[in-house]
Amino acid sequence: MKIAFIGLGIMGRPMALNLLRGGHQLTVWARRPESMQPLLDAGARAAESPAAAAAGQDLVISMVADAPDVREVMLGAQGVAQGAAAGLVAVDMSTIAPSAARKIAEDLAAQGIDFIDAPVSGGEVGAIAGNLSIMAGGSEAAFARALPAFECMGKNVVHVGDSGAGQVTKAANQIVTGMGVLAVAEAFAFASKNGVDRGKVREALLGGFAYSRILENHGQRMLDRNFKPGFKSWMHEKDLNIVMQTAHELGLYLPGSAMAGQMFAAMVGSGLGEEDSIAVLKLLEGLSGQA
């Protein structure tokens, strides 16, 4: 397919590279020209704006920071809608509020453009390996057209439902991962304060009902003190803010999500926002005199 990719950060750059490796013709645009260079070196074509990137394409994919950025690249003065022909499928793989995704879908539909919200899970490692989990919301027909691209970037690709359903699923994912990371960090802080080896505790827990991929993968990274960002703490704070905003709209009580969101907010306030979310361990250690 002819695909345009907009947004080439930690996640977007390797995702776009996997589309090239999958044999698709790729046009790219990013706010920072230097972000495009690795894609240009690999055979992509540069565009001067999202509108120019969208011209003549089968599919346009965005991977940006938040809802205002998605709206700008899709519907702004130089946005995708200004350069797209009717019948284009536009896909946003960022994490934004479900209500924002539904509104963007509605506004694009008015201009003859199908929209899929398709956020991902798996972090930078998954983006590089091409084994992301992709959760998509939109029409069956639009999903079918985008599927070949999704299969270049992910291994677990699920069409969840109508517009906004992908973002609801991603928010649920962030509830589980946010509280999961916090639970593992608390378990390790608890073990250390009791003078017990964290590595041995992890080894024992992996054999029982406490097993999780978070304990296995992120737990090992905590033991290795590897806080290099695959998913930055400020991003997890943003995502849990989306959860709580949506819960507020629905009158839904989510105490665990609120607590985890406050912990990530404390990380940002403590200067740990640019570190991986697993650096919540460092915050707990500092607060309990283990630093």
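Residues numbered from 1 in each chain as written. Predicted model: local features only at pLDDT ≥ 70, side-chain atom pairs only at ≥ 80, totals over all residues. Heavy atoms only, no water.

> For the layout of surface pockets, give the residues involved together with the corresponding values.
Picture a little ball the size of a water molecule; that probe, rolled over the atoms, points out where space is still empty. Empty space within the second largest pocket amounts to approximately 220 Å³. Residue lining of the second largest pocket: 14 residues in total, with Val168, Ala171, Thr246, Ala247 and Leu250 positioned closest to the centre. Only α6 (98–109), α9 (165–193) and α12 (233–250) provide two or more residues apiece to the lining of the second largest pocket. Residues belonging to the lining of the second largest pocket are distributed by class as follows: 10 nonpolar, two polar and two charged. (1 Å grid on protein atoms, 1.4 Å probe; cavity = no way out; pocket = protein on both sides within 12 Å on 5 of 7 lines; lining within 4 Å. Points joined across faces, edges and corners; volume = space filled by probe spheres on them. Helix = DSSP H or I, 4+ residues; strand = E, 2+ residues; numbered from the N terminus. Nonpolar A, V, L, I, M, F, W, Y, C, P; charged D, E, K, R; others polar.)

> Describe the packing of α9 against helix α14 (residues 280–287), with residues and values.
Where α9 contacts α14, the axes come no closer than 9 Å and their chain directions differ by 40°. Judged by the angle between their axes, α9 and α14 are oblique. Regarding α9 and α14, the two cross each other, and that crossing is right-handed. The segment α9 lies against α14, with Val181, Leu182, Ala185, Glu186, Phe188 and Ala189 engaging Val280, Leu281 and Leu284. (Axes fitted to C-alpha atoms, helices over the stretch in contact; angles between N-to-C directions. Parallel < 35°, antiparallel > 145°, perpendicular 65-115°, else oblique. Left-handed = near helix turned anticlockwise from the far one by under 90°. Contact = heavy atoms within 4.5 Å.)

> Break down empty space enclosed by the protein for me, with residues and values.
For the coordinates displayed, the defined rule picks out one cavity of 30 Å³ or more. The volume enclosed by the largest cavity comes to roughly 30 Å³. In terms of lining, the largest cavity is formed by Thr95, Ile96, Gln167, Lys170, Ala171, Gln174, Asp239 and Ile242. For the lining of the largest cavity, the element with the most residues is α9, which contributes four residues. In terms of residue class, the lining of the largest cavity is built from three nonpolar, three polar and two charged.

> Report on the packing of α12 against helix α13 (residues 255–269), specifying residues and quantitative values.
The interhelical angle for the contact between α12 and α13, taken along N-to-C directions, is 145°, at an axis separation of 9 Å. Between α12 and α13 the crossing geometry is left-handed. Between α12, through Ser233, Trp234, His236, Glu237, Leu240, Val243 and Met244, and α13, the contact on the second element is made entirely by Ser257, Ala258, Ala260, Gly261, Phe264, Ala265, Met267 and Val268. Of the residues in the contact of α12 with α13, the class split is 10 nonpolar, four polar and one charged.

> Requested: an account of the pairing of strand β5 (residues 89–92), with residues and values cited.
Here β5 shows two buried faces, one formed by Val89 and Val91 and the other by Ala90 and Asp92. Here four bridges tie strand β4 (residues 59–62) to β5, and the two strands are oriented parallel to one another. Bridge assignment links Ser62 to a residue of β5, and that residue is Asp92. As judged from the four bridges shared by β5 and strand β6 (residues 114–117), these two strands associate in the parallel manner. Directly across from Asp92, in β6, lies its bridge partner Asp117. (Buried < 20%, exposed > 50% of the residue type's maximum accessible area, 1.4 Å probe, protein only. Pairing = 2+ DSSP bridges.)

> Summarise the environment of Gln245; cite the residues concerned and give the values.
Position of Gln245 among the secondary structure elements: in helix α12. A sequence separation of 91 residues divides Gln245 from Gly154, and the C-alpha atoms of the two residues are 28 Å apart. Setting aside residues up to four positions removed in sequence, Gln245 forms contacts with Ala97 and Ser99.

> Quick rundown of the pattern of salt bridges? Include the residues and the values.
Taken as a whole and assessed by the stated rule, the structure comprises 12 salt bridges. Residue Arg198 pairs with Glu285 through a salt bridge whose shortest N-O separation is 2.8 Å. Here Glu285 lies in helix α14 and Arg198 lies in helix α10 (residues 198–205), a separation of 87 residues in the sequence. Accessibility classification places Arg198 together with Glu285 in one group, the buried group. Its salt-bridge partner being Glu274, residue Lys232 comes within 2.7 Å of it at the nearest N-O pair. (Salt bridge = Lys/Arg side-chain N within 4 Å of Asp/Glu carboxyl O.)

So, to be careful, I would describe these as geometric facts and stop short of saying anything about function.
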